[in-house]
Amino acid sequence: MTEKIYYQDPFIKNFTADIISFQEREGIYHLQLDRTAFYPEGGGQPADRGLIGSSRVKHVYEERGEVFHVVDRLPKEEKKVECQLDWQRRFDFMQQHTGQHLLSAVALDLYGARTVGFHLGETHITIDTDIPLSAGAVDRLEEEVNQLIYQNRQVMVKHPSPAELERLDLRKNPEVSDNIRVIKIADIDLTPCGGTHLQETGQLGLISIINFENYKEGSRLTFLCGKRALKDYSRKNKIVAELRDILSVSNRKLVSEAARLQQELSHRDSRISELQDGLLDYQAEKLLESAEKLEGCNIICQLFPAELSRSVETKRNSNRGISPGSISPDITQLKQLAEKLIGNDSTIVIFGQQEAGTARMILASSEDIPGLDMNELIKEVMPLLKGGGGGQEYFAQGGGSKVENLPETLEEAYQKITSRL
Ligand SMILES: [Zn+2]
């Protein structure tokens, strides 16, 4: 059986080993060594990476007590092969993992909160507690764990006998039944665990709880330890500095300034809506003034944007259309404009609009003009735009892709409507 030297000394970074067997499966090799410092995936801790000879270790796993190293090609040598761990990755995992022990132990000690879930990922680490924690409780938890880091408490590995085990007050029950390995952090934590850990809490450097949220019956805490916490701190410092430059205020005033700007933006949005509504009222008034009068009805047949309409008018020598200088409403505003217009008596609206390669139409009429049925009319004309549409008897809209047919479609709708008056 492979000698698991990561248990004898989790700080071994380089070692030599003999390859005792290998299996090839679909071009990937699964190697067994006589001894290994590569930690296999397990207990929530991801597998190590590194080199066996010049072969890159892609994964390490344990099966029936044996450790298998997954490599994409066989090392040249079989005996006394130089092996090297990706130490940065392993040390990072040991910092996160040991930090989790401490955090879970202190949460239990301070608040009676048991850790019921744990995830150690490549970027962040979470624990789930069985009871919810308040923001104040989370702050104190972070403070207490950092105190234990400053105190540089010892982390020890114990192999208690079954009799000794019965007397121990373990934080959680062991997942295996024999050769139970217990991690003891000073008088703070006593937990069965098969992972790799630091030797002293000081090696953790720093713990930072970056988020907490309600999760199931308790809380989910997202935290970072060691270098991950330091990197996060540096990154956030840069963000704060950038925001400070953008907003031209001191760190202390960043939040209040952001809140003030948000409020101001919201006021401006309301003001813009009011102004837009006023503009649409004005536009509706102008359109109504210049509307064609036919059979006692106001007919407003208009293409948007206005430039498009004017070019069509020139070609057809028509007096239908909007006065120069009008704005080009978007489709939402155009619908509002049509609704405002048909709020007047005996008014018919025929709108065409071209926007970003799409042609749209709105057909609407006041409810005092019977028998037009805009829903039916839009379905009759929309094939010209290679599109479809629908709506109600007095208001219908549609869209299509054949933009170049928009003037022709508008004319067709005009002819159909006026012939029914
Ligand atoms: Zn552990």
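None of the values given here were measured: they were computed from a predicted structure. (Residues numbered from 1 in each chain as written. Predicted model: local features only at pLDDT ≥ 70, side-chain atom pairs only at ≥ 80, totals over all residues. Heavy atoms only, no water.)

Moving on, we get to the coordination of the zinc ion. Protein coordination at the zinc ion: the donors are His-97 (NE2), His-101 (NE2), Cys-193 (SG) and His-197 (NE2), at 2.0 to 2.2 Å from the metal. Here the zinc ion is ringed by 4 donor atoms whose angles at the metal span 98 to 124°, and the overall shape comes out tetrahedral. Donor residues binding the zinc ion come from one chain and are separated in sequence as H-x3-H-x91-C-x3-H. One end of the pair, His-101, is in helix H2 (residues 87-111); the other, His-197, is in the loop between strand E14 (189-192) and strand E15 (207-215), and 96 residues separate them in sequence. For the pair His-101 and His-197, a shared accessibility class is recorded, and that class is buried. (Donors = N, O, S within 2.8 Å, 3.2 Å for Na, K, Ca; no water. Tetrahedral: all angles 85-135°; square planar, octahedral: opposite > 155°, others 65-115°. Helix = DSSP H or I, 4+ residues; strand = E, 2+ residues; numbered from the N terminus. Buried < 20%, exposed > 50% of the residue type's maximum accessible area, 1.4 Å probe, protein only.)

It is worth spelling out a nonpolar patch on the surface at this point. On the surface, Ile-239, Leu-243 and Ile-246 cluster together into a nonpolar patch covering about 300 Å² of accessible area. Tracing the backbone shows Leu-243 in helix H5 (residues 226-247). (Patch = residues over 30% accessible without salt bridge, like charges linked within 9 Å, V, L, I, M, F, W, Y side chains within 5 Å. Areas by Shrake-Rupley, 256 points an atom, 1.4 Å probe, with all protein chains shown as cover. Salt bridge = Lys/Arg side-chain N within 4 Å of Asp/Glu carboxyl O.)

On to the nonpolar core, then. In globular proteins that are soluble, nonpolar side chains generally tend to be buried together. Membership of the largest hydrophobic core comes to 50 residues, with the highest contact counts inside it found for Phe-15, Phe-38, Ile-52, Leu-103, Leu-141 and Phe-223. By residue number, the principal contributor to this core is H2, which donates 7 residues. If you count residues domain by domain, this core takes at least three from each of domain 1 (3-85) and domain 2 (91-244). Judged by nonpolar contacts, the second largest core, of 24 residues, contains Val-381, Leu-385, Leu-406 and Ala-413. (Core = buried A, V, L, I, M, F, W, Y, C linked by side-chain atoms within 4.5 Å. Domains from an automatic or database assignment.)

Under the counting rule described, the total for this entry stands at 24 salt bridges. Of the charged contacts, one joins Arg-360 and Glu-355 as a salt bridge, the two residues approaching to 3.0 Å between their closest N and O atoms. Residue classification places Arg-360 among the partly exposed residues on the basis of a relative accessible area of 23%. The salt bridge partner of Lys-416 is Glu-412, with a shortest N-O separation of 3.9 Å. Here the residue Lys-416 and the residue Glu-412 both occupy positions in helix H10 (residues 406-419), the gap between them amounting to 4 residues, near one helical turn. Glu-412 sits in the partly exposed class, given a relative accessible area of 33%. When salt bridges with common partners are traced through the structure, they connect Glu-376, Glu-380, Glu-412, Lys-416 and Arg-420 into a single cluster.

Confidence in the prediction for the protein chain averages 92 pLDDT; 95% of positions are at 70 or higher. The low-confidence segment residues 310-325 (pLDDT under 50) makes 22 contacts with residues lying over four places distant or belonging to another chain. (pLDDT = per-residue confidence, 0-100. Contact = heavy atoms within 4.5 Å.)

The next thing to look at is the layout of surface pockets. Reported here for the largest pocket is a volume of approximately 960 Å³. Taken together, 37 residues make up the lining of the largest pocket; nearest its centre are Val-176, Pro-192, Cys-193, Gly-194 and Gly-195. Those elements giving two or more residues to the lining of the largest pocket turn out to be H2, strand E10 (115-120) and E14. With 5 residues, the single largest contributor to the lining of the largest pocket is H2. (1 Å grid on protein atoms, 1.4 Å probe; cavity = no way out; pocket = protein on both sides within 12 Å on 5 of 7 lines; lining within 4 Å. Points joined across faces, edges and corners; volume = space filled by probe spheres on them.)

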